[in-house]
Amino acid sequence: MAHPIAYVIVLCCDLTLWLSLLTGLLWFEGTFRLDLIWLSAFRTLSWVVLNGASSVVGYKSSRPLLKHWVALLCFLPAAYETVQTLFSGTQRGFTPVPTLGMVVLNAVAATLVYLVWEKAFPSNGSPKKDAKNERKDQEAKALLLRVIHYSKPDFLYLGAAFLFLILAALFESCIPYYVGKVTDVLSGKYKHGKFKWAIGFMSLYSFGSSMFTGLRGGLFMCSLSRLNKRIRHLLFQNLMKQEISFFEENKPGSLTSRLVSDTDKMGRSVAMNVNILLRSLVKTCGMLVSMLSLSWQLTLLTCVEMPILALLQNYYNIFYQFKRQELQDCKAEIEQLASSAIGAVRTVRSFRAEAQEQKGYEEALNRKLQIQIRKGIYSAVHLLLRRFVTVSLRVAMLLLGHHLISSGQLSNGSLLAFVLYQKEMVTSMKHLVFVYGDILNTVWSAEKVFQLLDRRPKVREAGDLVPKKLEGKLTFENVTFSYPCRPNEKALKSVNLELREGKMTALVGPSGGGKSSCISLLQRFYEPQEGEVLLDGVPLHHYQHQYLRNQMAAVSQNPELFSGSVRYNIEYGLHGCTMEKIMEAARRASIDEFVCRLEQGYDTDVGECGKQLSSGQKQCIALARALIRHPKILILDEATSYLDANTQHAVQETLSGSAGQTVLVVAHRLQTIEKADHIIFMENGMVMEQGTHEHLMARRRRYYQLREKLFTLDSDQQN
Ligand SMILES: Nc1ncnc2c1ncn2[C@@H]1O[C@H](COP(=O)(O)OP(=O)(O)OP(=O)(O)O)[C@@H](O)[C@H]1O
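A brief structural summary. Each chain carries its own residue numbering, running from 1 in the direction its sequence is written. In view of the model being predicted, local features appear only for residues whose pLDDT reaches at least 70, and side-chain atom pairs are presented and counted only at 80 or more, with totals across whole chains, interfaces and linings using the full set of residues. Hydrogen atoms and water are omitted, and side-chain values are computed over all heavy atoms in the structure.

Secondary structure elements are defined from DSSP: runs of H or I of at least 4 residues count as helices, runs of E of at least 2 residues count as strands, and each element is numbered from the N terminus. Each helix and strand in the protein was counted, giving 22 helices and 10 strands. A 1.4 Å probe rolled over the protein chains alone gives each residue an accessible area, and that area as a share of the maximum for its type sets the label: buried under 20%, exposed over 50%, partly exposed in between. Buried residues in the protein amount to 40% of all 719 residues. Sequence separation of at least 24 residues holds for 78% of the intrachain contacts in the protein that already meet a minimum separation of 6. Method for areas: the Shrake-Rupley scheme with a 1.4 Å probe, in which residue coverage is limited to the protein chains shown. Taken as a whole, the protein presents about 39200 Å² of accessible surface, with 61% of it coming from carbon and sulfur. When checking whether two residues touch, look at their non-hydrogen atoms; a contact exists if any pair is within 4.5 Å.

Right, here's the structure in full:
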């Protein structure tokens, strides 16, 4: 709010102007009447003077507000007199001079209207729009521009759509005029020729507007679908580049919802609103011209409706935003509950947690229902108030229309045409006032999409090193690492280890020792906070991403398979693999016999995520998927844990026969790694001891103790 002194100074200036006028009128000794025209001229002059004064006395931030008030102060008397003249039908005048009461009343009325207006349409300088809100508006505008920017490739479609939009709106705004003409012809002395013309034009405009509307809609939908496809593609591309911890922090449900519904909402809400905005703008202009040509008095009355409706809408919008956010959160929660329960249905069933899941789901549904009911009640009250305002003004308009018809200023048909225009006009103006705000509101769904689109992975960019020959020696140099979600807990503490080229190294130790963390670092899923992981003496991030992926293959304990055939899963990510190569990999992974027994062999579908296979079979297929690449470095993290002893033995035989391949094995069953060239024992994120099996057994320390413990457990189980 501007400083009160500024208002007082402006008010004093205004009083001085009124006093000057008073003196002038006294000079003419009552022979001069201050009629409507002179009053308007005087107030325009006052506005120029007071506007200048407010520029000098107001603070920079409060000047716009002061100027709004000055405008009202100056033009309200003229507007009031105009309305009075309209209703009384005769022009009044101030006789002989304006009274002090009237001047004060004017100031009070101006202030009141100003306060109502500022509440309905808070302007930039309004206290409600503080710096934060203004920044938000700026950001929303920037987002909107960005959405428009992404629509650039469709500019031909959009250009044509806008052209049809303008034509449709113009044609549409001509229809009521000709409806009025037809009514006039029918209610007066019937003239066949005039009737035919009026009907002809009416049909022509109706047909034209329908045709252009259809074309506009089709083209908009087409460009909207193209925009959606483009954004989704880019988003998916960027998602695939993110680091693993990003997927741990963001649940799959929320990411897919952003990918599907937010992109959809973004395109739909922004494109639809821009469509409505432009259509309303063209229609409003066209109709305003037609309405003014019919009756300027009725047009003025129609325009009164807007500020009142805007005030109502403003309050409703604040509530609506709040409820919508609540509803969205609730929906996301419901989606998450359903997808986690359905996804883990086996666990739910085996722990008999169906009732618990059902209860949780029902509670979330109830919360959503409550929000929806409250939203519905507020919406009904809002609608009721709006209707009341609309109907009241319509009655006032019909009364004025009746007065104009009886005084011969308007024909019956023109009143009908006006009523038709008025209905459309109010809708269009409403759109104009609210749609822009709505664009700024809905554009926030675009923000979520853009946030994801702009996210850069938090791992160092891969380099471009592509050596012709790779030895396959891996070294951990003083590696300290914490998972991003638990930054204060060290999973690895100054780890130094070496995987010798062409040899098999085994990582063993109790659970939580840090074995899988080492493997994650080797695959560059995460970056160590301290130290380096080196391949042939060069930090891993110096190598080209694709090169590293080709040289390294990993199989985990619970490998992820994709819906599709066995063949598809084995050759996953490779192009142009021959059947021989696929069969060879399957043979080495000891899965070929099983696959050949299947009715459709390698074309057999493995079900969603391989659910139609046993855990051991899944491990074998994953192993074949790794072996087909002939990687220089093979990482097996409990990769054969579900296999029976025979198959496990066969796989190990195959692996030990691959000369020149660096193999890293993580295993809990220590018998399986006895033949490894090197064994590293890890505990609490540290390397405790290392050496060959014989060496470690002879030391009789942690490795020996763990082996003895497992051996005792096994014997107990067998007894
Ligand atoms: N994704 C993760 N986010 C946060 N902490 C993790 C994550 N994975 C593992 N940890 C933690 O890091 C530490 C080392 O775990 P890691 O999985 O490397 O051990 P491990 O030796 O492979 O165990 P296991 O033999 O049971 O697989 C543990 O304390 C574990 O809780």
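Still to come is the rest of the account.
Let us now look at the packing of aromatic side chains. Geometry of aromatic contacts follows a simple scheme: Phe, Tyr and Trp rings, the Trp one being its six-membered ring, pair when their centres are within 6.5 Å, and the pair is stacked under 30 degrees between planes, edge-to-face over 60, tilted otherwise. Tallied over the entire structure, the rule returns 18 aromatic pairs. Aromatic pair Trp 197 and Phe 201: ring centres 5.5 Å apart, planes at 25 degrees, arrangement stacked. Taken together, the positions of Trp 197 and Phe 201, both in helix 7 (residues 192-241) and four residues apart, correspond to about one turn of that helix. Classification of Phe 201 as partly exposed rests on a relative accessible area of 28%. Among the aromatic residues, those joined into a cluster by ring pairs are Phe 164, Phe 171, Tyr 177, Tyr 178, Trp 197, Phe 201, Tyr 205 and Phe 212. Charge-over-ring placement is defined geometrically: NZ (Lys) or CZ (Arg) within 6 Å of the ring centre, and within 35 degrees of the ring normal. We note Arg 146 situated over the ring of Phe 450; from NZ or CZ to the ring centre the distance is 4.1 Å.

Take the nonpolar core next. Ranked by size, the top nonpolar core spans 46 residues in total, and within it Ile 570, Ile 591, Leu 634, Leu 636, Ile 673, Ile 679 and Tyr 703 carry the most contacts. When residues of this core are assigned to their parent elements, the largest contribution, seven residues, is made by helix 19 (residues 615-627). In contact with Ile 673, other than residues within four places in its own chain, are Ala 506, Val 508, Val 665, Ala 667, Ile 679 and Tyr 703. Ranked by size, the runner-up nonpolar core spans 29 residues in total, among them Val 479, Leu 507, Ile 519 and Ile 635. What makes a nonpolar core is a set of buried Ala, Val, Leu, Ile, Met, Phe, Trp, Tyr and Cys residues whose side-chain atoms join them at distances within 4.5 Å.

What follows deals with the environment of Arg 625. Turning to its location among the elements, Arg 625 is positioned in helix 19. Assessed through its relative accessible area of 16%, Arg 625 is described here as buried. When the C-alpha atoms of Arg 625 and Val 566 are compared, they prove to be 9.9 Å apart, with 59 residues separating the residues in sequence. With sequence-adjacent residues up to four places away left out, Arg 625 is seen in contact with Pro 559, Glu 560, Leu 561, Phe 562, Asn 569, Ile 570 and Tyr 572. Pairing of N or O atoms within 3.5 Å defines a polar contact, subject to two protein rules: one partner must be a possible hydrogen donor and the other a possible acceptor, and residues neighboring in sequence count only if both atoms are side-chain atoms. Among the polar contacts made by the side chain of Arg 625, one reaches the main-chain carbonyl oxygen of Glu 560 at a distance of 3.1 Å.

What follows is about the pairing of strand 10 (residues 686-691). On a regular strand, one side chain projects to one face of the sheet and the next to the other, so that they alternate. By the bridge criterion, five bridges tie strand 9 (residues 678-683) to strand 10 in an arrangement that is antiparallel. Each bridged residue has a counterpart across the sheet, and for Ile 680 the counterpart in strand 10 is Gln 690. Pairing between two strands requires that DSSP report at least two bridges joining them.

On to the sheet that holds strand 2 (residues 492-499), then. Read across the open sheet, the four strands follow the order 2-1-4-5; overall the sheet is antiparallel. Whereas interior strands pair on both sides, the edge strands pair on one side only; in this sheet they are strand 2 and strand 5 (538-539). Where strand 4 (residues 530-535) and strand 5 come together, two bridges link them in antiparallel fashion. If you follow Leu 534 over to strand 5, its bridge partner there is Pro 539. Each of strand 1 (474-481), strand 2 and strand 4 touches helix 14 (residues 515-522); the most contacted strand, strand 1, lies at about 115 degrees to it. Fitting a line to C-alpha atoms yields each axis, with helices limited to the stretch in contact; the angle taken between N-to-C directions then spans 0 to 180 degrees.

Quick look at the environment of Gly 531 now. Position of Gly 531 relative to the elements: it lies in strand 4. C-alpha separation for the pair Gly 531 and Thr 480, spaced 51 residues apart in sequence, amounts to 6.4 Å. Those residues in contact with Gly 531, other than ones at most four positions away along the chain, are Glu 477, Asn 478 and Val 479.

This part is about unusual backbone geometry. The phi dihedral of Ser 590 is positive, around 60 degrees, even though this residue is not glycine. Here Ser 590 shows up in the loop between helix 17 (579-588) and helix 18 (592-597). We note that Asn 684 has phi near 50 degrees; this positive angle belongs to a residue other than glycine.

This next bit is on the pairing of strand 1. Burial of strand 1 is extensive: six of the eight residues sit out of reach of the surface. The pairing of strand 1 with strand 4 spans five bridges and is antiparallel. Within the sheet, the bridge partner assigned to Leu 474 lies in strand 4 and is Leu 535.

Close to the ligand lie 14 residues; Gly 512, Lys 515, Ser 516, Ser 517 and His 668 are nearest. Here an oxygen atom of the ligand and a backbone polar atom of Gly 512 are 2.9 Å apart. A distance of 2.5 Å separates an oxygen atom of the ligand from a polar side-chain atom of Ser 517. Protein coverage of the free-state accessible area of the ligand, which is 630 Å², stands at 70%. For the shell around the ligand, the element with the most residues is helix 14, which contributes three residues. Whether a residue is near a molecule or strand depends on its heavy atoms: it is near if one of them lies within 4 Å of it.

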